[in-house]
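Understanding the architecture of this molecule
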Amino acid sequence: MPSSILYALLSLVFAGVNDVVFKRYAAKDRSRGAYVFGIGLIWVILQLPTALAGGVEFHFASVTLVYGLIAGLFLTASNLLLLESLTHIDASLGSTIYRLNTMGVVVLALLFLNESLGLYKGVGIAAGILAVFLLYRRDGHSHQVTQRTFLLYFTLAVVASLFRALYGVTSKAGLLNGASLQPMLILGALSWVVGGAGYAFFREGRLRMTRIKATYSLISGVLVFLIVNSLLLAIEHGQASTVIPIANMSFILALILSVALGMERFTPRKFAAVAAAVCSILLLTLA
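Just so you know, these numbers come straight off a predicted model, no measurement behind them. (Residues numbered from 1 in each chain as written. Predicted model: local features only at pLDDT ≥ 70, side-chain atom pairs only at ≥ 80, totals over all residues. Heavy atoms only, no water.)

**Re the packing of helix α8 (residues 181-202) against helix α9 (residues 211-237)**
- Closest axis-to-axis distance for the α8/α9 pair is 13 Å, and the angle between their directions is 160°. The orientation of α8 relative to α9 falls into the category roughly antiparallel. Taken as a pair, α8 and α9 cross one another with a handedness that is right-handed. Every residue of α9 that contacts α8 at Leu181, Gln182, Leu185 and Trp192 is listed here: Val224, Val228 and Leu232.
- Looking at the contact of α8 with α9 residue by residue, the classes come out as six nonpolar, one polar and no charged. (Axes fitted to C-alpha atoms, helices over the stretch in contact; angles between N-to-C directions. Helix = DSSP H or I, 4+ residues; strand = E, 2+ residues; numbered from the N terminus. Parallel < 35°, antiparallel > 145°, perpendicular 65-115°, else oblique. Left-handed = near helix turned anticlockwise from the far one by under 90°. Contact = heavy atoms within 4.5 Å. Nonpolar A, V, L, I, M, F, W, Y, C, P; charged D, E, K, R; others polar.)

**Details of the environment of Leu253**
- Residue position: Leu253 is located in helix α11 (residues 250-260).
- Setting aside residues up to four positions removed in sequence, Leu253 forms contacts with Leu12, Val13, Gly16 and Val17.

**Digging into a nonpolar patch on the surface**
- A contiguous nonpolar surface patch, about 240 Å² in accessible area, is contributed by Phe60, Leu65 and Leu69.
- Counting through the fold element by element, Leu65 comes out in helix α3 (residues 62-85).
- Among the residues examined, Leu65 registers a relative accessible area of 34% and is labelled partly exposed. (Patch = residues over 30% accessible without salt bridge, like charges linked within 9 Å, V, L, I, M, F, W, Y side chains within 5 Å. Areas by Shrake-Rupley, 256 points an atom, 1.4 Å probe, with all protein chains shown as cover. Salt bridge = Lys/Arg side-chain N within 4 Å of Asp/Glu carboxyl O. Buried < 20%, exposed > 50% of the residue type's maximum accessible area, 1.4 Å probe, protein only.)

**Describing the pattern of salt bridges**
- The tally for this structure, following the rule as stated, stands at four salt bridges.
- Between Asp90 and Lys270 there is a salt bridge; the shortest N-O distance is 2.9 Å. Taken together, the residues Asp90 in the loop between α3 and α4 (91-99) and Lys270 in helix α12 (residues 268-284) connect sequence positions 180 residues apart. Across the pair, Lys270 and Asp90 agree in class, each one buried.
- A single salt-bridge network, built from bridges that share partners, covers Asp90, Glu264 and Lys270.

**Brief notes about the nonpolar core**
- The biggest cluster of nonpolar side chains holds 44 residues, and the ones touching the most others in it are Phe22, Tyr35, Trp43, Leu83, Ile89, Leu93 and Trp192.
- For this core, the elements supplying multiple residues, two or more each, are α1 (3-26), α2 (32-53), α3, α4, α6 (118-135), α7 (147-176), α8 and α9.
- Judged by nonpolar contacts, the second largest core, of twelve residues, contains Leu100, Leu255, Ala276 and Val278. (Core = buried A, V, L, I, M, F, W, Y, C linked by side-chain atoms within 4.5 Å.)

This is the structure we're talking about:
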């Protein structure tokens, strides 16, 4: 197996596991801000020595600062919204919608980066819309979750996916304009720290870490670090158009794990939605 595919599969596994950890955390009334703050802190602690060991010199030029901070803002917001959405929707649903950010990236790149659409990408967008339509169903949810509540949190997952797409487009635009990758990653991690703390103080009233929050933060912080760096290694050793679609299939593992752990039921509708999402991602990444 080529090393690039192996790294992409590792990124897939880490992302799928992290989505389930996110759902486990969000299933109870815990501070989302403190969680994101803790994840960012662990990510910074791990990313800094990794970058320095690789001989990276940190030069925070203005282009890196501007694009890095904007991208970090979008990434932090996307994960906070994903966490909020998972309080009332299944892990597989949230994970699938979130990974369909590829669809948003294509549309935004078409609008702002002057990239072309083409037949494959057009059909891919249609398949993505079909996947979202199939997922819009309260399978396995308790009667306490009303249609209005489900719609709200479903919408939050869609907005989270949009913000994740904005992160991708902003990062790509930054790199095209000369921004440095590793400093942008550090800025992204720091954005989680600042954004999580701000969310905890201003949205939730206080920032308080407990042992359970710290434990979840440690697990997800390590997973986020591994997700990002495995994907970077995959891109370094192979073509982005090949490895990124593989890594974005993590929602399949999230579904398998959620069903195996008894967190949700597997239904034919979910199978059809996952199949449509897989087709969407593959079509959207074809040259």
